[in-house]
2 protein chains.
Amino acid sequence: MDSLDLSLPGPELTVALCDVESVSGNERALADLVEAALRDVPHLAVDRDGDAVVARTSLGRAERVVLAGHIDTVPLGGNLPCRVEGGRIHGCGTTDMKSGVAVQLRLAAHLAEPNRDVTYVFYDHEEVEADKNGLGRIARNSPDWLAGDFAVLMEPTNATVEGGCQGTMRADVVLRGHRAHSARSWLGSNAVHAAGEVLRRLEAYEAERVEIDGLVYREGLNAVGITGGVAGNVVPDECRVSINYRFAPSRSEGEAADVVRKVLEGYDVEVLDSAPGAPPGLSHPAAAAFVAMVGREPQPKFGWTDVARFSALGVPAVNYGPGDPSVAHQREEYCDVAPILECEERMLAWLS
Amino acid sequence: MDSLDLSLPGPELTVALCDVESVSGNERALADLVEAALRDVPHLAVDRDGDAVVARTSLGRAERVVLAGHIDTVPLGGNLPCRVEGGRIHGCGTTDMKSGVAVQLRLAAHLAEPNRDVTYVFYDHEEVEADKNGLGRIARNSPDWLAGDFAVLMEPTNATVEGGCQGTMRADVVLRGHRAHSARSWLGSNAVHAAGEVLRRLEAYEAERVEIDGLVYREGLNAVGITGGVAGNVVPDECRVSINYRFAPSRSEGEAADVVRKVLEGYDVEVLDSAPGAPPGLSHPAAAAFVAMVGREPQPKFGWTDVARFSALGVPAVNYGPGDPSVAHQREEYCDVAPILECEERMLAWLS
């Protein structure tokens, strides 16, 4: 393809975007097409950082909103080019999240005079390690490009507003004992046995439900892995319990670590890494207007998403996109035509 | 070496045996030498099965004792040929167990008219998988070759009688749950958490001490391994606890399985394999005379050894040999000269 035709309706534009393969690390061709198409739009100023493209209106409006989406996908599963059948587009990236990107591009091309200034962010490397994330890179290199009063991340949400996101923390508890031949086990101290109490406490822990802006964030504290054992005839001297804590966006990372340490008091808890959540920010006027326009009851977002990067920059953010998250990352990924049209229509109404 | 000189003193014979490398699977050359040397002894009838050699007196004595030892070793560690220094022989196989084999060969050559008929068994493949074990092969092919009233396995025991051996059983408990994204953990059921109660019961279990023939066998029931976990963001749907039960030789394998099942009642216990123990048989007259001759307090054997193969054939058996078990399988393996001479002297006294 030589160029992107932004006059195509959203579903056709989704197909065009999907058929330019852009598995993480291979976004260059699509980023070039997006950049070229946006540079042709007279009311936008365009910047680029690596394979991320940022376009902005500068109309001096009282508020600025940011619409963001990633242009990369998970690896293909023999599911390109797209196949359109009965109002449904099948193919890699359809739901996650080139249908959302298509809505962004349609708005960018056609909203010459939005009622709020708009920043359109198209970024790379969302589906891989966090340190490669293109939105994170822009936040480090040019945080002013992301400035705004409110942000919408167009990840798949079935066209419902999902507010903020929970934080996530990985921690390990390592139990130590003394090795011994299992035929003389009393000479040793069994580290796997010692893990029993750790697991019992995790099982007994009642995760909290925290209400923010009318959304209830339901937390979770889980052992997501356990390993221990030397050989079939050896009392093991080490056992590692891997823990994942999903915490409400009202807690800081430090407060989250305190919760884990309190539950596992007396044990050596090693926090490996964490990412703070993002409050939904639905009390902001732009957000309230957005929710009213969408016309559906907003939901809390449980999984960690890039909205947290906006939150870290002081920009309240929600998730809202046409795709169905339950088919993301699957060979059978698809996106229906109807929500693509609906999302574009609602956002146009909100910004006109 | 063309032939084994059975007139050499025990320590020198040990060196000669060790310097013929016989790592498991490579016993042929040493078995040939042992067979040829024994065929030269007029009072012995010699049989061979693979790389195992069996020699017997047939004097019509009231009792028959079996002296057995394996001729293979663990892999070399740059520790051959032997080095003799200050009354200590260093090298692969010195303690485990060519010093014991040397004592067997010395007795075989020099006890023309023992007070009990004697069967000398030299076998292959002890240091590898149980199904290759030469003693097991003889027990299957020619169990009559191993017939006797009492057996001595000349494994390293620091010249102390170690009676019988405990049984061993491997079992797995598999906990099952339901997978879910850890951000929505209430939709799943955590199998690793469920393992907590299994570990707690194993930790709380007080292993029994069972006295047989004056020896106290101390049991042990241990988790020797645990694995569970799908990914850092997934509630795990399976957790496997691997268990090893070392049980007193008074229990059958079925009784041992009952113990494990009772401790873990309500859980799905899968017995993977087991090997019965061997009672010490010290009440047998030949055994009592042997213990008296050794002149040291007999000890229970905790680890599983080939004495259990004799026990399975109805032959009470003990471990008794000149080596130090704590240096077996080590690069620094050695055997002192003094216990080699002591073992030969005591056994000569017992059988003369």
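Up top is the structure these notes are about.
Everything in this summary refers to the structure shown in the same document. (Residues numbered from 1 in each chain as written. Chains lettered and ligands numbered in written order. Predicted model: local features only at pLDDT ≥ 70, side-chain atom pairs only at ≥ 80, totals over all residues. Heavy atoms only, no water.)

### Things to note about the nonpolar core
The nonpolar side chains of a soluble globular protein tend to be buried, and buried together.
(1) Moving on: Core analysis: the largest hydrophobic core is formed by 62 residues, its most contacted members being B:L4, B:L38, B:L105, B:V152, B:F290, B:M347 and B:W350.
(2) Moving on: Broken down by element, this core gets its largest block of residues, eight residues, from helix α3 (residues 94–110) of chain B.
(3) Moving on: Core analysis: the second largest hydrophobic core is formed by 61 residues, A:A16, A:L17, A:I71 and A:A109 among them. (Core = buried A, V, L, I, M, F, W, Y, C linked by side-chain atoms within 4.5 Å. Buried < 20%, exposed > 50% of the residue type's maximum accessible area, 1.4 Å probe, protein only. Helix = DSSP H or I, 4+ residues; strand = E, 2+ residues; numbered from the N terminus.)

### Quick notes on the relation of the copies chain A and chain B
(1) Moving on: When chain A is fitted onto chain B, the two copies agree to an RMSD of 0.3 Å after a turn of 180° and an axial shift of 0.3 Å. The relationship between the two copies is best expressed as a two-fold rotation axis. The position closest to the rotation axis in chain A is occupied by the C-alpha of A:G196, lying 2.0 Å away.
(2) Moving on: With an isologous cut-off of 70% or more, the 100% of interface residues of chain A that recur at the interface of chain B puts this contact in the isologous class. (Least-squares fit on C-alpha atoms with pLDDT ≥ 70 in both. Contact = heavy atoms within 4.5 Å.)

### Concerning unusual backbone geometry
Apart from glycine, the bulk of residues carry a negative phi angle, and the bulk of peptide bonds sit in the trans form.
Residues and elements named next belong to chain A.
(1) Moving on: Here the bond from L80 into P81 is cis, since omega is -5°, no more than 30 degrees from zero.
(2) Moving on: For H125, which is not glycine, the phi torsion reads 55° and is therefore positive.
(3) Moving on: Looking at the secondary structure, you find H125 in the loop between β6 (117–123) and α4 (134–141).
(4) Moving on: Taking the relative accessible area as the measure of exposure, H125 reaches 18% and is therefore buried.
(5) Moving on: A positive phi angle is found at H329, which is not glycine, with a value near 70°.
(6) Moving on: Counting through the fold element by element, H329 comes out in the loop between β18 (317–319) and β19 (334–336).
(7) Moving on: Looking at H329, the relative accessible area reads 47%, which means it is partly exposed.

### Considerations on the sheet that holds strand β3 (residues 64–70) of chain B
For sheets, the rule is that strands pair by backbone hydrogen bonds, running either parallel or antiparallel.
Residue and element names in this part refer to chain B.
(1) Moving on: Here eight strands make up an open sheet; going across it, the order is β1-β2-β6-β3-β7-β18-β8-β17 and the pairing mixed. Edge strands, defined here as strands with exactly one partner in the open sheet, are β1 (45–49) and β17 (299–300).
(2) Moving on: Sheet analysis places strand β8 (residues 162–163) next to strand β18 (residues 317–319), joined by two bridges and oriented antiparallel. Within β18, the position partnered with E162 by the bridge is N319.
(3) Moving on: Strands in contact with α3 are β3 and β6 (117–123); relative to β3, the strand with the most contacts, it is inclined by about 140°.
(4) Moving on: Sheet strands in contact with helix α4 (residues 134–141) are β1, β2 (52–56) and β6, and its direction is about 125° off that of β6. (Pairing = 2+ DSSP bridges. Axes fitted to C-alpha atoms, helices over the stretch in contact; angles between N-to-C directions.)

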